[in-house]
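A closer look at the structure
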Amino acid sequence: MSPALADANNGNWRTAERWRGFLAPVADAHVVSQWSGGPGDALVALHARRSADSIAAFHAAHPGRGLALLLTGTDLYRDLEAGDAKAQRSLDFATHLVLLQPEGLRHLPPALQGRTRVIFQSAPRRVWRGARAAGTTLVAVGHLRAEKDPLTLMQAAELLDGEPDLRIMHIGEALDERLGEAARETMRRCPHYQWLGALPKDAARDWIARADALVHMSRMEGGANVVTEALRSEVPVLASAIEGNLGLLGADYAGTFAPGDAAALAALVRRFRQDTDFNALLRTQCRQREPLLRPAAERAAVRRLWRDLLAHAGKAALPQSSAQPS
């Protein structure tokens, strides 16, 4: 169950749909925005607060059945820290908790960690083997909203004005019209910055694969799939030093900047462009993390979660099909 469906084209929807595909050979799985009281041997829900009513209803109707809650960035770093009662109640009802990266464990009390597991998000491999444009192309992918901190990228673009052969391509729908206007104004002032708006998933993946680096400047993340996509495309990442990024890239990852610090991001871009040893270090660190993010690993973890949910209710899993998603 995901509070966002296909029309939102966001991370929650993509995670839910990918997991549905992993489960399709072994379970009759459906993605819905809320539980309507229909039949179900178990429930997998994304977002503690936004899915709270459905979680409570499923628990009341089927108190002995498995109920997995995948905790998002807003769960970990906003709602639970603020003491949101509905989000906390969802944790109490969940028989299994899922994080998308291990740093999130810091935000859960010890009593909950025994029923918590980490499932890294995966992405298909897509490596660009064609000719690349001269200079440096940076790509940022994320809808324009406060949590993704697009203003820091725009401010860094202004600080990088005059850098030779630099292109900053920004992909994402303006969910906040004020941020959309800021992007248009930045394009007027900085020709090397281009806001492309929302793009289909495959087009965004192609931009990532052709880039020299992905810039990910979020202030709040549970574990961004776009970072996974970059690593699966052999593209290094320049990331804000938040737990959601470090949990994917590694706690010692060198290519980070302080969240919201445009000057630090601009300096990191210059170092990435000018220091070949630093550039090579980031590529090595990203290559070391890539095996964690392959579809086979996520598929196995999701199916193991499903078997555990059924076992919680004393049910047997369906036989696994020999067909494997690519």
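Report on the accompanying structure.

Rules used in this analysis
- The written sequence of each chain sets the order in which its residues are numbered from 1.
- Two thresholds apply to this predicted model, a pLDDT of at least 70 for residue-level local features and 80 or more for giving and counting side-chain atom pairs, whereas whole-chain, interface and lining totals are computed over all residues.
- Only hydrogens and water are set aside when side-chain values are computed; all heavy atoms of the structure are taken into account.
- Note on classification: 1.4 Å probe, protein chains only; a residue is buried when its accessible area is under 20% of the maximum for its type, exposed when over 50%, partly exposed between these limits.
- Put simply, DSSP H or I for four residues or longer makes a helix, DSSP E for two residues or longer makes a strand, and each gets a number counted from the N terminus.
- Between any two strands, pairing holds if DSSP finds at least two bridges.
- The path from the first strand over the helix to the second decides the hand: if it runs clockwise while the strands point away from the viewer, the crossover is right-handed.
- The axes are straight lines fitted to the C-alpha atoms, using for helices just the contacting stretch, and the angles between their N-to-C directions are given from 0 to 180°.
- What counts as a salt bridge is simple: a side-chain nitrogen of Lys or Arg found within 4 Å of a carboxyl oxygen of Asp or Glu.
- Between 30 and 60 degrees the pair is tilted, below 30 it is stacked and above 60 it is edge-to-face, where a pair is any two Phe, Tyr or Trp rings, Trp via its six-membered ring, whose centres lie within 6.5 Å.
- Placement of a charge over a ring requires the Lys NZ or Arg CZ to be within 6 Å of the ring centre, with the centre-to-atom vector within 35 degrees of the ring normal.

Here the focus is the pairing of strand 9 (residues 237-240). The alternating pattern of strand 9 places V237 and A239 on one face and L238 and S240 on the opposite face, and all of these are buried. In terms of strand pairing, strand 8 (residues 213-216) meets strand 9 through three bridges, oriented parallel. Bridging across to strand 9, V215 finds its partner in L238. Handedness of the crossover is the feature at issue here: the chain leaves strand 9, passes through helix 10 (residues 243-249), returns alongside strand 10 (residues 256-257), and the resulting connection is right-handed.

A word on the sheet that holds strand 1 (residues 42-46). The strand order across the open sheet built from four strands is 1-2-3-4, with neighbouring strands paired in parallel fashion. Of all strands in the sheet, those bounded by a partner on one side alone are strand 1 and strand 4 (116-118). Taking each pair of neighbouring strands and ignoring which way they run, the sheet shows an average axis angle of 20°. As paired strands, strand 2 (residues 66-70) and strand 3 (residues 96-99) are joined by three bridges and run parallel to one another.

It is possible for side chains of opposite charge to pair when their charged atoms get near one another. Taken as a whole and assessed by the stated rule, the structure comprises 30 salt bridges. Salt-bridge contacts for D308 lead to R117; the nearest nitrogen and oxygen are separated by 2.9 Å. Taken as a pair, D308 in helix 13 (residues 295-312) and R117 in strand 4 lie far apart in primary sequence, 191 residues in all. Classification of D308 by relative accessible area gives partly exposed; the value is 30%. Put simply, E158, E177, E181, R184, E185, R188 and R189 are held in one network by salt bridges that share partners.

A few words on the packing of aromatic side chains. Enumeration according to the criterion identifies one aromatic pair in this entry. Measuring from centroid to centroid gives 5.2 Å for W35 and F58, while their planes differ by 80°, and the two rings are edge-to-face. One end of the pair, W35, is in the loop between helix 1 (11-23) and strand 1; the other, F58, is in helix 2 (residues 52-61), with 23 residues separating them in the sequence. The ring of W207 carries R210 above its face, with NZ or CZ at 4.8 Å from the centroid. Directly above the ring of F278 sits R271, whose terminal nitrogen or CZ lies 3.8 Å from the centroid.

Function cannot be inferred from these measures alone, as they are strictly geometric.
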